[in-house]
Amino acid sequence: MRPETPRALAVRVLLEVERSGRAQLLLDRALDRLAWPERDKAYATHLVYGTLRRLRLLDFLLEPLLERPEKLPKEVRWVLRLGALEWLLGKPDHARVSPWVEEAKRAHPRLAGLVNAVLRRLEPREAPECVRLSLPDWLCEAWRALFGQVAFAEGFNEPAPLFLTAYRSVEGLRPGPLPDSYIWEGPKTDFSALGLQPQNPASLFAATLLEPKAGERVLDLCGGAGLKAFYLAAKGAEVVSYDLNPKRQEAGRKTAQKLGLAVEYRTQDLREPLPERASKVLLDAPCTGTGTFRAHPELRYRLTPEDPKAMAQLQLQLLETAAQATEVGGLLVYAVCTLTEEEGEGVARAFLERHPEFHLEPFACPLPVLREGLGVYVAPEGGLDGFYYLRLRKVDSKA
């Protein structure tokens, strides 16, 4: 049965997220099937993402009003969190409480009175910084140690514009922070038919670091659907995109055709050596994704303190493959959409200790910088994802 209201849809999606679903995928699928006005779709999206982004803070605000919240039915607990979100964002009681009481009545009518009482009794409460930012303590403290502060994480809890990379001339779009990057302010559409590709500028910047030139051979490793490969191909490079997932590659192949770009896709486990080399190699490695908490807010509650170290081991394996595939004199760019020390500077140090033939290749970063030195960490400001970049030049060790 399809939800009748944006509120009901938000509750259903959040229940599925609690069962290990992915919010973005669940919400997109649900909204694609509904002939709702854009305003209703935007409201449902706002409720789901807002609640997940502020989840720890919402539970903190509700805590004094609930004796044993873990014993409540899951639907009721999400209704309370959703109602608390709207209180936090300043929605008045007369427009907020009754609709959520009605949602509670649908599944658990006997608890409607509790929902009404709790949502009317909410009041400000001073929260510790990690709670206010809705971060797990272990990650919050790790960021404080690495960056000296965690205030930047507020950016993960704010809505972001829809960034697009343009592969044809465009008019009327607001420029993004990089050349060829723009902001889309209308409803979603068939972007590739317009010569546009949704892409965060922080992701696009990783590809620009290769400074591709026409006719150069470029390898895009762990390329997925090939979003960065599109940019490289648009600059005239001969691009081969490697990944282990053929379904994502097939989706990328279709998009590349729509955009009029030539990208060659090859499926391979990149822990094994490549059959070729190139002067430009990009490795956007799998990672814990802590830089993508805005788009994937549920991820912050699923990661464990052990995950960054485990991912760093895989990243080093993949960097070995990338290093072997880089020609002498060539550039190797390592990028991850995460802000952990283990997967950024930690990987860089371990790799350079093993490979003295690679030297740091400095670059200017036009995006807001959190930390730089051995690579650059970019802050999640203005809708950007958090990223780490390392650019290396392979020199002739025998010279």
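The rules behind these values
Residues numbered from 1 in each chain as written. Predicted model: local features only at pLDDT ≥ 70, side-chain atom pairs only at ≥ 80, totals over all residues. Heavy atoms only, no water. Pairing = 2+ DSSP bridges. Helix = DSSP H or I, 4+ residues; strand = E, 2+ residues; numbered from the N terminus. Buried < 20%, exposed > 50% of the residue type's maximum accessible area, 1.4 Å probe, protein only. Right-handed = clockwise from strand over helix to strand, strands pointing away. Core = buried A, V, L, I, M, F, W, Y, C linked by side-chain atoms within 4.5 Å. Phe/Tyr/Trp six-rings, centres within 6.5 Å; stacked < 30°, edge-to-face > 60°. Lys NZ or Arg CZ within 6 Å of the ring centre and 35° of its normal.

Participant: Where do I start with the sheet that holds strand β1 (residues 162–166) in this structure?
Facilitator: Backbone hydrogen bonds are what pair the strands of a sheet, in a parallel or an antiparallel way. Strand order in this open sheet of four strands is β2-β3-β1-β4, and the pairing throughout is antiparallel. Edge positions in the open sheet fall to β2 (174–175) and β4 (196–198), since each of these has one partner strand only.

Participant: Would you explain the pairing of strand β9 (residues 326–336) in this entry?
Facilitator: Within a regular strand, the side chains alternate between the two sheet faces. Taken across its 11 residues, β9 has eight buried, putting it largely inside the fold. Here strand β8 (residues 278–284) pairs with β9 via six bridges, running parallel. Its bridge partner lying in β9, Lys280 is registered against Leu331. Tracing the backbone out of β8, into helix α13 (residues 307–325) and back to the parallel element β9 gives a crossover that is right-handed. Two strands pair when backbone bridges link them, and β9 and strand β13 (residues 387–394) are joined in this way by six bridges, in the antiparallel orientation. Bridging across to β13, Val333 finds its partner in Arg391.

Participant: Just checking my understanding: could you explain the nonpolar core for this structure?
Facilitator: As a rule of thumb, nonpolar side chains are buried together in soluble globular proteins. Ranked by internal contacts, the top residues of the largest apolar core, which has 81 residues, are Trp143, Leu219, Leu221, Leu283, Tyr334 and Tyr389. Here this core gets seven residues from one element, more than from any other, and that element is α13.

Participant: For this particular structure, what's the right way to read the packing of aromatic side chains?
Facilitator: Centre distance and the angle of the planes are the two values used to describe a pair of aromatic rings. Enumeration according to the criterion identifies 13 aromatic pairs in this entry. Both rings, one in Phe205 and one in Phe363, keep their centres 6.1 Å apart while their planes meet at 55 degrees; by these two values the pair is tilted. Taken together, the residues span a long stretch of sequence, with Phe205 in helix α10 (residues 201–208) and Phe363 in the loop between β10 (358–360) and β11 (369–373) at a distance of 158 residues. Both residues of the pair, Phe205 and Phe363, count as buried. With 5.4 Å between their ring centres and 10 degrees between their planes, Phe387 and Tyr389 make a pair best called stacked. Site record: aromatic cluster; members linked through ring pairs are Trp143, Phe147, Phe152, Phe156, Phe293, Tyr334, Tyr377 and Tyr388. Seen from the ring of Trp100, Arg7 lies directly overhead, with NZ or CZ sitting 5.6 Å from the centre. Its guanidinium or amino end placed over the ring of Phe60, Arg125 lies 3.8 Å from that ring's centre, counting from NZ or CZ.

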